[in-house]
Amino acid sequence: MTKSIHHKFFLPHPPEMVWDYLTNAELMAQWLMKNDFQPIVGHDFQFKTNPIPSLDIDGIMYCTVLEIVPLKKLSYSWKAGPGGGKITLDTLVVWKLQPNEKGTDLLLEHSGFSEIENLKLYEGMTEGWSKNVQKIADRLNAKYGTAQI
Amino acid sequence: MVQPRFDAFQAIADPSRRKMLRLLSKDSLTINSLGEHFDMSRPAVSKHIKILHAAGFISIQDIGRERHCTLKPDGFHHLQEWIDYFDKFWVSKLKKLETLLHNKSLNKK
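The rules behind each value
Along each chain, the written sequence defines residue order, and numbers are assigned to residues from 1. To read the labels, note that chains go from A and ligands from 1, taken in the order they are written. Only residues with pLDDT of at least 70 are given local features in this predicted model, and only at 80 or more are side-chain atom pairs given and counted; all residues enter the totals for whole chains, interfaces and linings. Side-chain figures throughout are based on the complete set of non-hydrogen atoms in the structure, without hydrogens or water. Note on exposure labels: buried denotes an accessible area under 20% of the residue type's maximum, exposed denotes more than 50%, and partly exposed covers the range between, all computed with a 1.4 Å probe on protein chains only. Each helix corresponds to a stretch of at least 4 residues labelled H or I by DSSP, and each strand to a stretch of at least 2 residues labelled E; elements are numbered beginning at the N terminus. A pair of strands counts as paired when DSSP detects no fewer than two bridges linking them. We call two residues contacting when some pair of their heavy atoms lies within 4.5 Å. Under this scheme, a helix contributes an axis fitted over its contacting stretch, all axes are lines through C-alpha atoms, and angles between N-to-C directions fall in the 0 to 180 degree range. On a scale of 0 to 100, pLDDT captures the predictor's confidence in every residue. Nonpolar core, defined: a set of buried Ala, Val, Leu, Ile, Met, Phe, Trp, Tyr and Cys residues in which side-chain atoms within 4.5 Å join the residues together. Only one rule defines a salt bridge in this text: a Lys or Arg side-chain nitrogen within 4 Å of an Asp or Glu carboxyl oxygen. In this analysis, rings of Phe, Tyr and Trp, with Trp reduced to its six-membered ring, are considered paired at centre separations within 6.5 Å, and the interplanar angle assigns stacked below 30 degrees, edge-to-face beyond 60, and tilted for intermediate values. Charge-over-ring contacts are defined here by two conditions on Lys NZ or Arg CZ: a distance within 6 Å of the ring centre and an angle within 35 degrees of the ring normal.

**Here we look at helix α1 (residues 15–23) of chain A**
Thought 1: Among the nine residues in α1 of chain A, seven count as buried, and that is most of the element.
Thought 2: Within α1 of chain A, the full set of buried residues consists of Pro15, Met17, Val18, Trp19, Tyr21, Leu22 and Thr23 of chain A.

**Things to note about the sheet that holds strand β4 (residues 60–69) of chain A**
Thought 1: Across the sheet, seven strands lie side by side as β1-β7-β6-β5-β4-β3-β2 (chain A); this open sheet has antiparallel pairing. Because the sheet does not close on itself, it has two edges, and the strands there are β1 (5–11) and β2 (34–35) of chain A.
Thought 2: Judged from the five bridges that link them, β4 of chain A and strand β5 (residues 73–80) of chain A form a sheet pairing that is antiparallel. The residue of β5 of chain A that forms the bridge with Tyr62 of chain A is Lys79 of chain A.
Thought 3: Running at roughly 165° to strand β6 (residues 89–100) of chain A, α1 of chain A makes contact with β1, β4, β5, β6 and β7 (103–111) of chain A of the sheet.
Thought 4: In the packing of helix α5 (residues 73–108) of chain B onto the sheet, the strands contacted are β1, β4, β5, β6 and β7 of chain A, and the crossing angle to β1 of chain A comes to about 10°.

**Some details on the confidence of the model for chain A**
Thought 1: Looking at chain A as a whole, the pLDDT averages 81, with 74% of positions reaching at least 70.
Thought 2: The low-confidence segment residues 116–126 of chain A, where pLDDT is below 50, has 28 contacts with residues more than four positions distant or belonging to other chains.

**Some details on the pairing of strand β3 (residues 66–71) of chain B**
Residue and element names in this part refer to chain B.
Thought 1: Sheet analysis places strand β1 (residues 29–30) next to β3, joined by two bridges and oriented antiparallel. Within β3, the residue paired with Leu29 across the bridge is Cys69.
Thought 2: Looking at chain direction, strand β2 (residues 58–63) and β3 are connected through six bridges and run antiparallel. Pairing of Asp62 across the sheet is with Arg67, part of β3.
Thought 3: Linking two consecutive strands that pair antiparallel, namely β2 and β3, is a turn of two residues; a positive phi of about 60° is found at Gly64 within it.

**A word on the nonpolar core**
Thought 1: Formed by 64 residues in total, the largest nonpolar core has its most connected members in Tyr76, Trp78 and Trp95 of chain A together with Phe57 and Phe86 of chain B.
Thought 2: When residues of this core are assigned to their parent elements, the largest contribution, eleven residues, is made by α5 of chain B.
Thought 3: Beyond its immediate sequence surroundings of up to four residues, Phe57 of chain B is in contact with Ala8, Ala11, Ile12, Leu21, Leu52, Thr70, Leu71, Lys72, Gly75, Phe76 and Leu79 of chain B.

**With respect to the environment of Ile51 of chain B**
Residues and elements named next belong to chain B.
Thought 1: With respect to the helices and strands, Ile51 occurs in helix α4 (residues 42–54).
Thought 2: For the pair formed by Ile51 and Pro15, sequence separation is 36 residues and the distance between their alpha carbons is 13 Å.
Thought 3: With residues up to four places along the chain from it excluded, the contact list for Ile51 reads Ala11 and Arg17.

**Things to note about the pattern of salt bridges**
All names here are of chain B.
Thought 1: The full count for this structure, using the stated rule, is three salt bridges over all chains.
Thought 2: Here Arg67 ties to Asp62 by a salt bridge, and the two come within 2.8 Å at their closest N and O atoms.
Thought 3: Asp62 gets classed as partly exposed once you look at its relative accessible area, which sits at 48%.

**Overview of the packing of aromatic side chains**
Thought 1: Considering all chains together, one arrives at 14 aromatic pairs over all chains under this definition.
Thought 2: Here the aromatic rings of Trp31 of chain A and Trp95 of chain A are separated by 5.9 Å at their centres, their planes lie at 80°, and the arrangement is edge-to-face. You can see Trp31 of chain A sitting in helix α2 (residues 25–31) and its partner Trp95 of chain A sitting in strand β6, a full 64 residues away along the chain.
Thought 3: Owing to a relative accessible area of 0%, Trp95 of chain A belongs among the buried residues under this scheme.
Thought 4: Centroid distance Phe47 of chain A to Trp78 of chain A: 5.5 Å. Interplanar angle 45°. Geometry classified as tilted. With a gap of 31 residues between them, Phe47 of chain A in strand β3 (residues 44–48) and Trp78 of chain A in strand β5 connect regions that are remote in the sequence.
Thought 5: Residue classification places Phe47 of chain A among the buried positions, given a relative accessible area of 0%.
Thought 6: Taken together, the ring pairs connect Trp31, Phe37, Phe45, Phe47, Tyr76, Trp78 and Trp95 of chain A together with Tyr85, Phe86, Phe89 and Trp90 of chain B into an aromatic cluster.
Thought 7: Just above the ring of Phe38 of chain B sits the side chain of Lys19 of chain B; from NZ or CZ to the centre is 4.8 Å.

**Let's talk about the confidence of the model for chain B**
Residues and elements named next belong to chain B.
Thought 1: Here chain B averages 85 in pLDDT, while 93% of its residues score no lower than 70.
Thought 2: Confidence drops under pLDDT 50 across residues 1–5; counting only partners more than four residues distant or on other chains, this segment forms eight contacts.
Thought 3: On the interface metric, ipTM, the complex scores 0.74, and its pTM is 0.71.

**Brief notes about the sheet that holds β1 of chain B**
All names here are of chain B.
Thought 1: The strand order across the open sheet formed by three strands is β1-β3-β2, and the pairing between neighbours is antiparallel. Strands with a single pairing partner mark the edges of an open sheet, and in this sheet they are β1 and β2.
Thought 2: Packing against the sheet, α4 makes contact with β2 and β3, and its axis sits at approximately 120° to β2.

Below, the structure written as structure tokens:
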């Protein structure tokens, strides 16, 4: 299972130009979402979009700027929930810019899906649960004959 | 049966509950034997079980007097849904950014 989101986008433009679109609230709104971002570490801001009912998200991303390395790196927390200040998603967004001869590689990592990374059991998940279902079926069968679950 | 679709992240945000899922990933267990791995009261164990159950991570089967807990994929699927959603979200946003930058540099020329 995927535990975090990684994307690498080559943009044939200088890092300065890409950086503007990552850190200027008006420019960010043009491609991402409406927001009140400010390039200041510790600044709390929000992204606003339409509610996402399938995920129980009210459409507001509560963020805090965590790190700014001009033209190189930007990170912010990314929290969301069903409304009323309740947070069910607590994640991290990290942007990295790598200049090259032809432009900029823009790297995005969206991670921290409630410590899924630390939940090692995902590796054996599919196999694990079907084995368990089989085990419980065996137990039921042993106890009640051909009981169905 | 209606599957509660919320709180999957909160369900696994707790270290005890993650440990419970890890234990259950090896074998299905009764609530009692699961509780033996934790230094907490039986009601506290039950409360955690209830949360995992509500979030779709486990199913509970009564066999005789015992309640057996078994890992269930629903909760995990829900987590995956969130990740998939944001994965697509970012791709579409990044494409928008690409177009925007492209148009901007064309206008400059």
